[in-house]
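Understanding the architecture of this molecule
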Amino acid sequence: MKLRARTSRFVLLAWLVACFAFSALTNLAWLAGSIAGVAIVFPRQAPRAARRALLTAVPLSLTILLLTWAHARFVLHVFPDLHAYAALALRAALIAFATFAVLGRVDLLGALAPWPTLSRLVVITLAQIHALRLLARESWLGLQSRLPRKPAVLDGLANAGGVTATMLTLSARNAREISDALRSRGF
Amino acid sequence: MHIPDGFLAPTITLPAYAVAAPLWIWAGRKHFGPNQIEALPAVGALTAVAFVLQTIMIPLPGGTSTHLVGASLLALVRGPLVAFVCESLVLVIQALFFGAGGITVLGVNALAMGLLGPLAAWLVMKPLGRRVPGIGAFVAGYVGLQVSTLAVALTLGLQHFLDPGQLPTPLAVVLAAMMAPSLLVTGLIEALYTLFAFRVLVRVRGRNTG
């Protein structure tokens, strides 16, 4: 169950402060303890948040770290201190884990209610993203079906240019319609 | 391209927020203005476009792919401040819902990808746009991406310089890993994309006005 709007605001504030505090941690024990702490505070959200963090934040940070480690080992011919690498990977994972756990618990739009401009902006943006993504995907599928061969980079770019122009035109029209709808509802 | 959470310490992220916050307020006041009913949907729509642009993958030879940024194009079409606001919102949505980038590094990413790159693109387009708009759009797209990438790389290098325990990757590695693909591949792709999109937009506008 989601938290009430007022409680959500406090949780979001605490999460923001915690994220900055987490980003300063370099001690492995503190980082591991913080991950355990987040899992204890958000037991229901923890499994899903951990899975999302493993899929999104961890692969990227691990790739960057492996590249850096390989450079140090094979180009500079030094054995890098693994502590800093492990701390960085854990830190990235911890912040992503905490973010997903908190967002799974709070009512984000309810928390944003005192700032109607912001909440309206979020709603308008999120509402359009799905439709525009669908448009971009269908356009890409259309390009693939039109060409007798696999689309090359230039084909993809020319198509992306066309899609962008369509999206910008469409978004301008959507913006007008939404502003008319808002006005008709007394905003 | 954007920096993930955990890579930068508050010694960098907090000052970046301090720089970005007044710019967000200024840009918000300027573009949301007194008539929010008109401005909000437009900004929301442009943000959605910017977000979707970054999900369009361009296949590269060798089985890999890259994605577009599109902030330079937004700056050319709507101005650097609108690009800054929209790109910042894209970064917030990506951080909160998709685990890309992050909330602590939002200020840094917004300044690098939303302000410096698009501003550079807009400045390049200003003198070139009237005489050779096609070349202007191409160069603006290329320069915008390079400036954003360089800003991100330099910030990571600064973090390593301030505290190698926080980020063990030295500036030389960051620059090589980020600038080489940006200069050789993604910059050209972004430039070509900016050129194609700009041409189509000019044609559509000409048709609508003419």
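Just so you know, these numbers come straight off a predicted model, no measurement behind them. (Residues numbered from 1 in each chain as written. Chains lettered and ligands numbered in written order. Predicted model: local features only at pLDDT ≥ 70, side-chain atom pairs only at ≥ 80, totals over all residues. Heavy atoms only, no water.)

1. Let's talk about the confidence of the model for chain A
To be explicit about the condition: Every residue gets a pLDDT, meaning the predictor's confidence in that residue, from 0 to 100. For the purposes of this entry, the term helix denotes a DSSP run of H or I that reaches at least four residues, the term strand denotes a run of E that reaches at least two, and both are numbered from the N terminus.
Mean pLDDT over chain A stands at 83; residues scoring 70 or higher make up 98%. Between the elements of chain A, mean pLDDT differs from a low of 78, seen in helix H7 (residues 153–184) of chain A, to a high of 93, seen in helix H2 (residues 28–41) of chain A.

2. Some thoughts on a nonpolar patch on the surface
Put simply, the test is: Residues enter a patch when their relative accessible area is above 30% and they make no salt bridge; the linking distance is 9 Å between like charges and 5 Å between nonpolar side chains (Val, Leu, Ile, Met, Phe, Trp, Tyr). All accessible-area figures derive from a Shrake-Rupley calculation using a 1.4 Å probe, and residue coverage is judged against the displayed protein chains alone. Basic side-chain nitrogens of Lys or Arg form a salt bridge, by our definition, when they fall within 4 Å of a carboxyl oxygen of Asp or Glu.
A cluster of nonpolar side chains, namely Phe74, Val75, Leu76 and Val78 of chain A, defines an oily patch on the protein surface of about 390 Å² accessible area. Considering the arrangement of structural elements, one finds valine 78 of chain A in the loop between helix H3 (46–75) and helix H4 (82–105).

3. Let's talk about the environment of valine 58 of chain A
Residue and element names in this part refer to chain A. To be explicit about the condition: The cut-offs for exposure are 20% and 50% of the maximum accessible area for each residue type, with area from a 1.4 Å probe on protein chains only; residues under the lower value are buried, those over the upper are exposed, and the others partly exposed.
You can see valine 58 is positioned in helix H3. In this structure valine 58 comes out as buried when scored by relative accessible area, which is 16%. Measuring from C-alpha to C-alpha, the distance between valine 58 and arginine 91 comes to 9.8 Å, with 33 residues separating the pair along the chain.

4. Focus on the interface of chain B and chain A
Quick note on the threshold: Here a residue-residue contact requires only that any non-hydrogen atoms of the pair lie within 4.5 Å. When two parts are brought into contact, each loses some accessible area as probed by a 1.4 Å sphere; the total of that loss over both is the buried area. Two N or O atoms count as a polar contact when they lie within 3.5 Å, although within protein this holds only if one can serve as hydrogen donor and the other as acceptor, and sequence-adjacent residues are included solely when both atoms are side-chain atoms.
Taken together, the 61 residues of chain B in the interface contact 59 residues of chain A. Across the interface of chain B and chain A, roughly 5,000 Å² is buried in total on both sides, 80% from carbon and sulfur atoms. For the pair chain B and chain A, the interface holds zero salt bridges. One can count four residue pairs in polar contact (both at pLDDT 80 or more) joining chain B with chain A. If you tally residues by element for the side of chain B that touches chain A, the top one is helix H2 (residues 36–53) of chain B, at 16 residues.

5. Details of the pattern of salt bridges
Opposite charge on two side chains permits them to pair, given that their charged atoms come into close proximity. Residue and element names in this part refer to chain A. This model, assessed by the stated rule, comprises one salt bridge over all chains. The salt bridge partner of aspartate 155 is arginine 149, with a shortest N-O separation of 2.8 Å. Residue classification places arginine 149 among the partly exposed residues on the basis of a relative accessible area of 46%.

6. As for the layout of surface pockets
Rules: Buriedness of a pocket was judged along seven lines, with at least five required to meet protein on both sides within 12 Å; pockets are open sets of points on a 1 Å grid over the protein atoms alone, cavities are sets where a 1.4 Å probe fits but cannot get out, and lining residues have an atom within 4 Å of a point. Grid points are joined across faces, edges and corners, and a volume is the space filled by probe spheres set on the points. What marks off one domain from the next here is an automatic or database domain assignment.
Within this model, the second largest pocket holds a volume of roughly 1,200 Å³. At the level of elements, helix H1 (5–22), helix H5 (108–111) and helix H6 (116–146) of chain A together with helix H1 (10–32) and helix H4 (80–97) of chain B are the ones that each hand at least two residues to the lining of the second largest pocket. When residues in the lining of the second largest pocket are grouped by element, the largest group, seven residues, is from H4 of chain B. Among the domains, domain 1 (5–108) and domain 2 (115–184) of chain A are the pair contributing at least three residues each to the lining of the second largest pocket.

7. A word on the environment of alanine 152 of chain A
Along the chain, alanine 152 of chain A falls in the loop between H6 and H7. Separated by 128 residues in sequence, alanine 152 of chain A and alanine 24 of chain A place their C-alpha atoms 44 Å apart.

8. Focus: empty space enclosed by the protein
One pass over the structure, following the stated rule, counts two cavities of 30 Å³ or more. For the largest cavity, the calculated volume is near 120 Å³. Lining the largest cavity are 16 residues, with Ala96 of chain A together with Asp5, Ala95, Gly101 and Gly102 of chain B sitting closest to its centre. Within the residue set of the lining of the largest cavity, elements represented by two or more residues are H4 of chain A together with H4 of chain B. Residue contributions to the lining of the largest cavity peak at five residues, all from H4 of chain A. Estimates place the volume of the second largest cavity at around 30 Å³. Surrounding the second largest cavity, Val69, Ala71, Ser72, Gly144, Leu145, Ser148 and Glu190 of chain B form its lining. Listing elements by their share of the lining of the second largest cavity, those giving two or more residues are helix H3 (71–78) and helix H6 (133–162) of chain B. With three residues, H6 of chain B is the single largest residue contributor to the lining of the second largest cavity.

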